[in-house]
Amino acid sequence: MTGPTDPPPPLVLLHAGGQAPMAWEDVVVRLYGSRRLLTPWVPGLRPTEKEPLPMGQAAAALDTTLMLEGMQQVDLCGVSYGAMVAAQLAADFPERVRRLVLVGGQVRPPRSVMRMQGALLRMIPRSRFVDAGVSKDQVLRSQKVVRALDLTDALPRITARTLVLVGAKDVVNQAAARALTSGIADARLRVVEGAGHLVNVDRPEELSTILADFLDEPGDDAVASGGVEA
């Protein structure tokens, strides 16, 4: 825990599948100077990596990265695929995460959602992925990791104060947001109006404000008040 005169913990921002760390640029610009910021590649999603990592291995690799950066405890925010890695890390290494923000994440993705997402990804031209700084083949391969995901037993191990976010237009992931909220003790749910699945690019200004308010919120981080925010 931090004291009243301690600097705030670093904030680690994890991108979605199909995104590169640069997807956080508009958020980083708004939060710059407030705390140390880190936007790493999500382990297993770097274009030069041959295969995505199983979720547990990705969380462990990220934990190693944090230790090498000298980060004993962090605030952690992930979007989509990054949210699932963030949740896994917070469950496996609870002492590492002070506050957790999960945006558009999943607990156990429905097969219908995965089929739809896979079909949409295959339709996107390869050039669009190149422009985003990612590999289409790697993104498609990462889908098998998501299909195997089941965070049901991991969520109760999360002790960080948690905020779950979902875009109002992200209809497919509304149920998952509620499942994350109910599975993590005292987690809160907030719907981001006007946003789709990728809130960090759809509504970076609003997300920056939400992050700043939540991370600076006073109180005992071991006990958060539950509830749903409009």
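Definitions and limits used
- Residues numbered from 1 in each chain as written.
- Predicted model: local features only at pLDDT ≥ 70, side-chain atom pairs only at ≥ 80, totals over all residues.
- Heavy atoms only, no water.
- Buried < 20%, exposed > 50% of the residue type's maximum accessible area, 1.4 Å probe, protein only.
- Helix = DSSP H or I, 4+ residues; strand = E, 2+ residues; numbered from the N terminus.
- Pairing = 2+ DSSP bridges.
- Right-handed = clockwise from strand over helix to strand, strands pointing away.
- Axes fitted to C-alpha atoms, helices over the stretch in contact; angles between N-to-C directions.
- Parallel < 35°, antiparallel > 145°, perpendicular 65-115°, else oblique.
- Contact = heavy atoms within 4.5 Å.
- Nonpolar A, V, L, I, M, F, W, Y, C, P; charged D, E, K, R; others polar.
- Expected span 1.5 Å × (residues − 1).
- Arc of directions from axis to C-beta.
- 1 Å grid on protein atoms, 1.4 Å probe; cavity = no way out; pocket = protein on both sides within 12 Å on 5 of 7 lines; lining within 4 Å.
- Points joined across faces, edges and corners; volume = space filled by probe spheres on them.
- pLDDT = per-residue confidence, 0-100.

**Some points on the pairing of strand S4 (residues 97–103)**
Looking along a regular strand, one sees side chains alternate from face to face of the sheet.
Right, on to step 1. Extensive coverage of S4 is indicated by the burial of seven of its seven residues.
Right, on to step 2. Strand direction decides the pairing type here: strand S3 (residues 74–79) and S4, joined by six bridges, are parallel. Among the inter-strand pairings, Asp 75 is bridged to a residue of S4, identified as Arg 99.
Right, on to step 3. Once you follow S3 into helix H3 (residues 81–92) and on to S4, the crossover reads as right-handed.
Right, on to step 4. By the bridge criterion, five bridges tie S4 to strand S5 (residues 161–167) in an arrangement that is parallel. Across the sheet, residue Val 101 finds its bridge partner in S5, namely Leu 163.

**Describing the packing of helix H2 (residues 55–68) against H3**
Right, on to step 1. Relative to each other, H2 and H3 sit at 75 degrees, their axes nearing to 8 Å. Judged on the interaxial angle alone, H3 and H2 are roughly perpendicular. Where H2 approaches H3, its residues Met 55, Gly 56, Ala 58, Ala 59, Leu 62, Asp 63 and Leu 66 are matched on the opposing element by Tyr 81, Met 84, Val 85, Gln 88, Leu 89 and Asp 92.
Right, on to step 2. Residue classes in the contact of H2 with H3 are distributed as nine nonpolar, two polar and two charged.

**A closer look at helix H4 (residues 111–123)**
Right, on to step 1. An ideal rise of 1.5 Å per residue puts 18 Å on 13 residues; H4 measures up with 19 Å between its terminal C-alpha atoms.
Right, on to step 2. Here H4 has its buried residues at Val 113, Met 114, Gly 118 and Leu 121. Relative to the axis of H4, the buried residues are bounded by an arc of 130 degrees and lie together on one face. Away from the buried face of H4 by more than 90 degrees, exposed residues Arg 115 and Met 123 are located.

**As for empty space enclosed by the protein**
Right, on to step 1. This model, assessed by the stated rule, comprises one cavity of 30 Å³ or more.
Right, on to step 2. Volume-wise, the largest cavity comes out at about 50 Å³.
Right, on to step 3. Residue classes in the lining of the largest cavity are distributed as five nonpolar, six polar and no charged.

**Observations concerning the confidence of the model for the protein chain**
Right, on to step 1. Taken residue by residue, the protein chain gives an average pLDDT of 90. The fraction at 70 or more is 93%.
Right, on to step 2. Predicted confidence for residues 222–230 stays below pLDDT 50, and this span has 19 contacts to residues more than four positions away or in other chains.

**Considerations on the packing of H4 against helix H6 (residues 136–147)**
Right, on to step 1. At their nearest, the axes of H4 and H6 sit 11 Å apart, and the two run at 175 degrees to each other. As far as their axial angle goes, H6 and H4 are roughly antiparallel. Facing H4, whose interface residues are Met 114, Gln 117, Leu 121 and Arg 122, H6 presents Lys 136, Val 139, Leu 140, Gln 143, Val 146 and Arg 147.
Right, on to step 2. A breakdown of the residues in the contact of H4 with H6 according to their chemical character gives five nonpolar, two polar and three charged.

**Some points on the environment of Asp 92**
Right, on to step 1. Within the secondary structure, Asp 92 sits in helix H3.
Right, on to step 2. Its relative accessible area of 31% is what places Asp 92 among the partly exposed residues.
Right, on to step 3. Between the C-alpha atoms of Asp 92 and Lys 169, which are 77 residues apart in sequence, the distance is 31 Å.
Right, on to step 4. Setting aside anything within four residues of it in sequence, one finds Asp 92 in contact with Gly 56, Ala 59 and Arg 157.

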